[in-house]
Structures are given as C-alpha cells and as structure tokens.
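Take a look at the letters that make up each chain.
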Amino acid sequence: MNGDGRPTLEVENLRVELAGSGVDIVDEVTFTVAEGEALGLVGESGSGKTTVGLAILGHCRRGARLAGGEVRIDGKNILARSPAELRGMRGRVVSYVPQDPTASLNPALRIETQLMETLTAHGYGSSAEERRARLGEMLAEVLLPSDRKFLRRYPHQLSGGQQQRVALSMAFACRPHVIVLDEPTTGLDVTTQAHVLETVRELCKSHGVAALYISHDLAVVAFVADRVAVMYAGRMVESGPTHQLFRAAAHPYSRKLVQAIPDISGRYALVGIPGRAPPPGHRPTGCFFAPRCAFAVEECRQTFPPVTQVSSSHDVRCWRAADVLAETVLERIRIEAAEREQRGEVSLLAARGIRASYADREVVFDVSLAVWPQECLALVGESGSGKTTFARCIAGLHRQYTGEVILQGRSLPPGAGNRDRESRRMVQYIFQSPYSSLNPRKTVGQIVAQPIRLFFDLEPREMRARVIEVLETVALSGTLIDRYPDQLSGGERQRVAIARGLAAEPSLLVCDEITSALDVSVQAAIVELLAALQREMGLGLLFVTHNLALIRSIAQEVAVMSEGRIVEFGTVEEVLESPRVPYTQKLLSDTPSLDTALAAAAG
Amino acid sequence: MSEQAVAVAPAAHARQHRPWLLLLGDTWRQTRTKLGVTLVVLLVGTAVIGPLFAPFAPEESVKIAGQFILPFAAPSDAATLGTDNLGRDVLSRFLWGGRSVLALSALATVFGAVLGIAIGLVAAYSRGFLDDLLMRGMDVILAFPQLVFALVVVATVGPKLWLLVLAVGITTMPRVARVTRGAAVEVVERDFVRAAESLGESKRKILFFEILPNITSPLVVEASLRLTFNIAVIAALSFLGFGLQPPAADWGLMINENRQGLLAGQPWGVLLPVAAIGLLTIGTSLIGDGFARAAIGIQRGKAAA
C-alpha cells in the first residue's frame, strides 16, 4: 500500500473495443493489485487477458480502442495521459514482459548496450558509474553473470531462459511500481520455467511491485500469484485468493478450468470444456458462458449476472454461484491405473539401437524402445533431447538413422517412401502444430479423404460417408466436411489431424507434442479423446511430450529422454512416484503442480 | 467433448468461406481492376469479334467505282479511317490484326508459365543438386534480354509462328520459375507436406495438389506481369518483321508498314495499333496490380468497411 492506503494498481470498468464497429473485446473489467502482490489473470486464448495486460500500459493493439473505464497507478488515471507522458511512464512506472523474449530484445545489439539503454532512457542514476553498478545488480537479481564476456553477447547467443531473464531484468531495471508479465514462461522448458518463476516471485516480493501475471497455465499461476482472476470472453467472471479460487471456485467455468489441468501428483481424469468461447461480436445475450455451462438456467440466458460477493475477497459473476458452491468442494475425479492386459509375444513396434543425426550432428544415441498393442508409451524430455527426432525416425519422416525399426516382427527401412503401403498405413504420425500440418487450401473432407484414397478402394459416395464417420470418431460434426482449416479453432484442427491419422486405420499412432500448441482446456479434451480411442480401437500410442503432468492421464509406461539417450524407463507410477535418476527427479520437482503449489501456499 | 456443440455464428465464416471468391471479390472491388478489365475486354473484344464488323477483307484493296484508291488516303466514305501504304482499309486491317498478337502472346505466356511452374516446384521440393542445376540453368536463359533471345532464335531458323511462341515462352519460363521456387520453398517446409509424404502420396500429387494451391497468388500476379511483357515483345517482333508476314494484318506489322503515313498526313494506320497495344498492356497490368493488392490485403480493410 502507498501512504494513503490505496492499492498500487486499480482497474475500473475497463472497456476495449474494435475501433470501427465498437464491438467490445473486453468490458467491465475491474480489479486491484496492492504493492508486493501478484494477481494471476487466467483464461483460454481469446479471453482478453493480453488486451487487459496491454491496457495497463495505456496501449492497445492496432484496430482496437481503449473505450472506457480507468486504469489508475498510484491513484492517477493513466488512460487520461498523453502519448508522450505514457512513453515516459512505460519502463519507469509500469513495465511489460512479453511471452516471447526475442520480441523485446534487439537482435543487433549487445546485452550490455540494451540494458544500459533502458537505464539511460529513463534517466536512472546520475553517472555512468552508478548505472554500471545498477546493471551488475540487475543481472545478479535474475541470476545471470555480469562479467564482460556475458555482457558482450548478442541475444541469439543466449538460451531461451537467459533471454527471458534478461527481459525480466530490463522490466525491473528502473524499479517500476507495476509490472505486467504476459505468459513469460510459455516457451520455456520446465526446469528453466521453474527458475524464471522463482525469480519473478522473489523480485516482486523484494521490490514491492504490484504484478499482473497472465497465463493459461493454472499450475504456474498457483505458484506465483496471491490472488487469481478468471477471464472468459472479455469479462472477468471470478476473482479471489488463489487457494480459495482453485479449491472452491464459485463459477462453473473456473471449475472446468481446474478439472482440465493435468497434475503429476495424482492420476486424474482430464475433463475438457465442450464448445468454444464466443468471439467479440458474437457473444450471446445473458451470461457468455451459458451455452457451455451445465448449470445454466433460463435466467442465465436472459441477463449477464452482476458481481456478487462469495466472501470478503472473493467475487463471482454467476447466477448459480450458490448452487455451484453447494455442489461439494471441487473434487477431481481420480482414476486408477487400469489392469494391464497380458502382453503377447510380439511387440507392436520395437526400435533397436536407433542412432539418428542431422548432417554431422548426432542427436539420438542408441535408443531402444517397444510399444505394445493397446498400450501407451510416453516419451518425455526437454526440448533438444532428441525425442521428436526419434519419433520421426519411427514414422519414416527422418531417414538419417541407423538401427532397426521393427513393426510386428518385420523390419522397416528408413524413410516412409521406402516402406510398403501396409506399414505406411499401420503407423500414423500426428504433428505438434495443427496450424502447419493441415493444408490451408484443402477442405477438411479432402484432408481426411487423403489416406482413405491412398490405402482403401472406395466409391466416391462411400468415401464421403467414411470421412463423416471418421470425423465423428474424433467428436467433430460431419458438417465440417466442407470447411477450410482456418475456419476451425486450434482444438478442432488437431482433431482433424487425428482424424486423418485414424482414417488410415492404423495400429500405432505417434503423437508428437500434439497438445503443446493448444489451450489447457482443449488439451484435456484431446487427451480424453486419445485415451478413449486407445481403449476402443485397441491402438498403440507413442506419446511424445515435455509435459510430465500429462502422462498420468494417458500413458502406462514412460521413457525419459535426455541428450539423446533414455535415462529412465518404467511404468508411469514407478517413474513419477519413485524416480531413480537425478535427471527425472529434477524434472519432476520443476514441473508445476497445482496440488503442490496450493499445499505449499496453505502450509 | 464435442467442440462443435456450440454453433458458431455463420456470419463469422461467411467471409472466409471459399477463399478464392473472397480474393476475387477484393480484386474486383478496386477501381484499377475495373478499369483494367474494361480495357482488356474492349481490346480482346475488338480482336475476337472485330473481323465480323470489318467492311473489307484484311488483304483487300479499297476500290471506288472499280478504281483502286491511293495509298495513305485520308479518311473518306469509302475507307472510314483512310487507307494504308498499299491502299487497303486501315479500319478493316486494324479489326483483323489483333488476333495474332493476342493469341501468340497468350500462348507464349501459358507455355512459359507451365514450364516455369513445373521447374520451380521441382527445384523447391528437391533441393540439393537438382535445385542448383535447374535454377542455374534458368539463370543462363535469364542472362539474355528477352527480345534479343527471341530475335536470335527467329533470325536463325526463320519467322515461324510456333517458333515465336517457343522463343518467347522460353524466355518467360525462368522468370516464372524463380517466383515459383521462391514461394514454394517456404511451403515445402510445412508439416502438411511431411504428412503427405508419410502417407506415401506421389511426388506429382504433392507438387501440384499440396504445394501449388498454396502459391497461386504470387503466380497469378507473375503471370499477368509476364503476359503484359509478352504482348509488348510479340508486337515488337512483328514490328521488326519476325512475326506474321505481309500481306497478313497484324498490329505490330501495321505500325511498321504505315510509318511513312505519319509524314504523309494519314496517322491512323500507326495510331490505332499503337493505342491498342498500349491500352492492352496497361489493362493487363492494372488487373495484375489489383490482384496483387487484394492478395497482400491492402484492400481488405476498405472492403470490410
């Protein structure tokens, strides 16, 4: 608190709209953040989180307009300031850390130049000596060296984590009163993420900064934030203390979000949220969440609920909040490890002594793994561990390897082009990004029909029926058949990609980080779908991921990969509950867990 | 579980449906495109159906009461726009003379574009040695100025029309190939190409059904630009006497034949074909420009408002 006892940051009835049409992007957003406090702002993509974050700097994206409300920092409304005044304030009074650190660092300037620039631009200190001393201090705060060698580097010579920490130190350089962190760890490995999060928390506390932490990852938010606000379709639907909000959410949407998070500490069923958030201009009358809400009644469809208090610091906008709360404490559905079926003699797919390289650089060393029918093997590792390269060797997408890939007892040559039709059909690969794996010039029908055309002889009419059938297996409507990929959401696109794989009626599905480009709620729905498919169709799965928390919900066995080698292998329970190798232990302890974060906060 | 459960407002997608129609709509909405299309329709119309309205046959001399009238006669009742260097009707020859220029330049452009697209796609997809080989080969052809290359070929073999198409087509090819390769290199890296490979899709299908549809915009722009240039080159070649041979009617040839008419006070034999060729090239480049602007989205904002 300041001298007069007001919170450092106050946002009141903020409204941002599209400049031409006046359609609201966000509206009626009200919250406060006190000195030294961190508020987590969560929601699916498109919920308006970043729009709110930028508005706190008096900025909005092109085509948008700050249309109403107030953003007060230290009691002064910054939306009333002139552009020149705002420029002076940014960095000094309020600063911003973007998701992608490369966006905030100039690739042509040395680290030293950029950091000094921040200090001089805001007139920090009176002499070069003083600024240089502060520079060392800044880097020490984010646990980076400040020797000459480091300062002379260019941004591309730093790792992603180091870049993000440089960006953090720039944001904290002039000791701002308010800092906006927009998903600063999304692109980072868990280990790096853990370091950065620790740094953020320390800095906010020690500098007494009011922080707004924007993220869709609730486990991360639970770790850094004191309070959490949930946004949905441009409105703030609930806000309250972290523990209370995650353990006893009063809004059905918040509950759904919590149920969608995978957690390493327990085997939970992941529950996706059906439907998608309405975009600006297409929001219904009444509560925006009503169409997706199990609690919705007529009243919800008529009028948007007002803010009601659940407790002194816990607000919610829901007509049925009392009923939601009455429905017991938020219970997550635990699932038990399924009885393992008796394994046959021959594995579905075995890889023996795979060594793969790019040009002269070897990235996978002597990896041997087996996937059994109707089972899921998770391959876990950080970026650069070689897990994707290994998966691509299996699928025939990467040819430069030695060793043997054996499909049901038959050895396969490297490269899909050299394999026979039947083995190409049996192994299907799902790519990480559905934005790149679907041809934007083809309709959904054409995309899904491709494997059917190549592997089966079907009449055109049967073909269409089959495509619709496959779309329905991945819970997509057959009416999407004539749509183009850019008319679909990220989750829908990934379902189409899965449908293309399934259309070949494969025995093995290789899934390469297939949820990492998606929202948590969508990720849950996709994992739910895959688990069901695996059970019902008897598929074998090779599930490649960097997210340890996710494998509980889908895999039976897990292989941990580091620097091109398998460092640990075992059942999911063995590996997650009693990891033997320090690398796995480290990975586990760095993985943010909602349960652990909340337990730590409570204890 | 089902994401489609919530119906998305159809209006949100109406604009996106059929990306091609949308792009053409954005193209058409611009004044420059409308002007270009008007010019092209007018001139192509003149060339295609003009002969139906021609008062004389193209090689027929104008006679008044059984008497041949003089070359470079001023416009009169007998010859609306006067006569040319051999006493033939300028208007009739103009109306007949557009077909050859249009047909030859269109054929040459199509021929060059088809070859160039195929070579550019193969180069982009194969990378490595074949890429280098093909593209350096293209560079060699590119080193000749377009007109000089055609002149050398036609002067060596003789003024055959198929040779004209071939020569101009070949000089068009490397330019189209460069644009194709440049656009396709980025598309080749996308995962949907990997997906098609892993399914065992044939190379031909990957090139023409996966990659090509993603680079149509720059190709349409390039093709319109090449057509514009080729019209000028074909007209220049026939002006120089390497195209249609006299006494055939041809715009390029007419300019050459009637040069003295400018001094003799009968400019129509030159002015008409010059204006036609000029306006035609302006028309095609305006259309190409309109499409290019629509493709990169300059006009999208205006269209939405």
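To be clear, the structure that these remarks concern was listed above.
Residues numbered from 1 in each chain as written. Chains lettered and ligands numbered in written order. Predicted model: local features only at pLDDT ≥ 70, side-chain atom pairs only at ≥ 80, totals over all residues.

**Some thoughts on the overall build of chain B**
What counts here: Put simply, DSSP marks the helices as runs of H or I at least four residues long and the strands as runs of E at least two long, and each gets a number from the N terminus on. Each radius of gyration reported is based on C-alpha atoms, and the globular scaling rule is 2.2 Å times the count of residues to the power 0.38. Three exposure classes are used, all based on how many other C-beta atoms lie within 10 Å of a residue's own C-beta (placed from the backbone): buried at 20 or more, exposed at 12 or fewer, and partly exposed between those limits.
Each helix and strand counted, chain B has 15 helices and two strands in total. Computed over its C-alpha atoms, the radius of gyration of chain B comes to 24 Å, more than 25% above the 19 Å expected for a compact globule of 305 residues. Principal-axis analysis of the C-alpha atoms places the extent of chain B at approximately 90 × 50 × 25 Å. Across the 305 residues in chain B, those meeting the buried criterion constitute 45%.

**Topic: the packing of helix α17 (residues 444-455) of chain A against helix α19 (residues 490-503) of chain A**
The relative placement of two packed helices is expressed as an angle between their axes plus a distance between the axes. Residues and elements named next belong to chain A. How we decide: The convention used is that axes are lines fitted to C-alpha atoms, helices contributing only their stretch in contact, and that angles between N-to-C directions extend from 0 to 180 degrees. What sets the label is the angle itself: under 35 degrees gives roughly parallel, over 145 gives roughly antiparallel, 65 to 115 gives roughly perpendicular, and the rest give oblique. It is the rotation of the near helix from the far one that decides the hand of a crossing: anticlockwise by less than a right angle makes it left-handed, clockwise makes it right-handed. Think of it this way: build a C-beta for each residue from its backbone, and any pair within 7 Å is a contact. Following the grouping adopted for this structure description, the nonpolar residues are Ala, Val, Leu, Ile, Met, Phe, Trp, Tyr, Cys and Pro, the charged ones are Asp, Glu, Lys and Arg, and the polar ones are all others, Gly among them.
It is at 7 Å that the axes of α17 and α19 come closest, and there the two elements cross at 25 degrees. Here α19 runs roughly parallel to α17, going by the angle between their axes. With respect to the hand of their crossing, α17 and α19 are arranged in right-handed fashion. For the pair formed by α17 and α19, the contact residues are Val444, Ile447, Val448, Gln450, Pro451 and Ile452 on the first element and Val496, Ala499, Arg500 and Ala503 on the second. Across the contact of α17 with α19, the residue classes tally to eight nonpolar, one polar and one charged.

**Observations regarding the interface of chain B and chain A**
Contacts between the two partners involve 25 residues from chain B and, on the opposite side, 40 residues from chain A. Breaking the side of chain B that touches chain A down by element, the ones donating at least two residues are α1 (11-14) and α9 (191-199) of chain B. In terms of residues, the side of chain B that touches chain A owes the most to one element, α9(B), which gives seven residues. Tallied by class, the residues present in the side of chain B that touches chain A amount to 11 nonpolar, seven polar and seven charged.

**What to know about the sheet that holds strand β3 (residues 38-42) of chain A**
Sheets are built from strands that pair by backbone hydrogen bonding, the pairs being arranged parallel or antiparallel. Residues and elements named next belong to chain A. Applicable threshold: Strands were regarded as paired on the criterion that DSSP finds at least two bridges between them.
A sheet is described by the order of its strands in space; here eight strands give the open sequence β6-β7-β8-β3-β9-β10-β12-β11, paired in mixed fashion. On the outer flanks of this sheet lie β6 (94-97) and β11 (308-311), each paired with one strand and no other. Neighbour to neighbour, the strand axes of the sheet diverge by 20 degrees on average, direction disregarded. Relative to strand β7 (residues 178-182), β6 runs parallel, the two sharing four bridges. Its bridge partner being in β7, Tyr96 is matched across the sheet by Val180. Lying on the sheet, helix α11 (residues 252-259) is in contact with β3, β9 (227-232) and β10 (235-241); it crosses β9 at an angle near 105 degrees.

**A look at unusual backbone geometry**
In this structure, Pro247(B) follows Pro246(B) across a cis peptide bond, with omega equal to 10 degrees. Inspection of the secondary structure puts Pro247(B) in the loop between α11 (216-239) and α12 (251-257). At Arg175(A), a residue that is not glycine, the phi angle is positive and equals roughly 50 degrees. Of the residues examined, Arg175(A) has 14 C-beta atoms within 10 Å and is grouped as partly exposed. One non-glycine residue, Glu513(A), lies in the positive phi region at around 50 degrees. Assignment of secondary structure puts Glu513(A) in the loop between β19 (508-512) and α20 (520-537).

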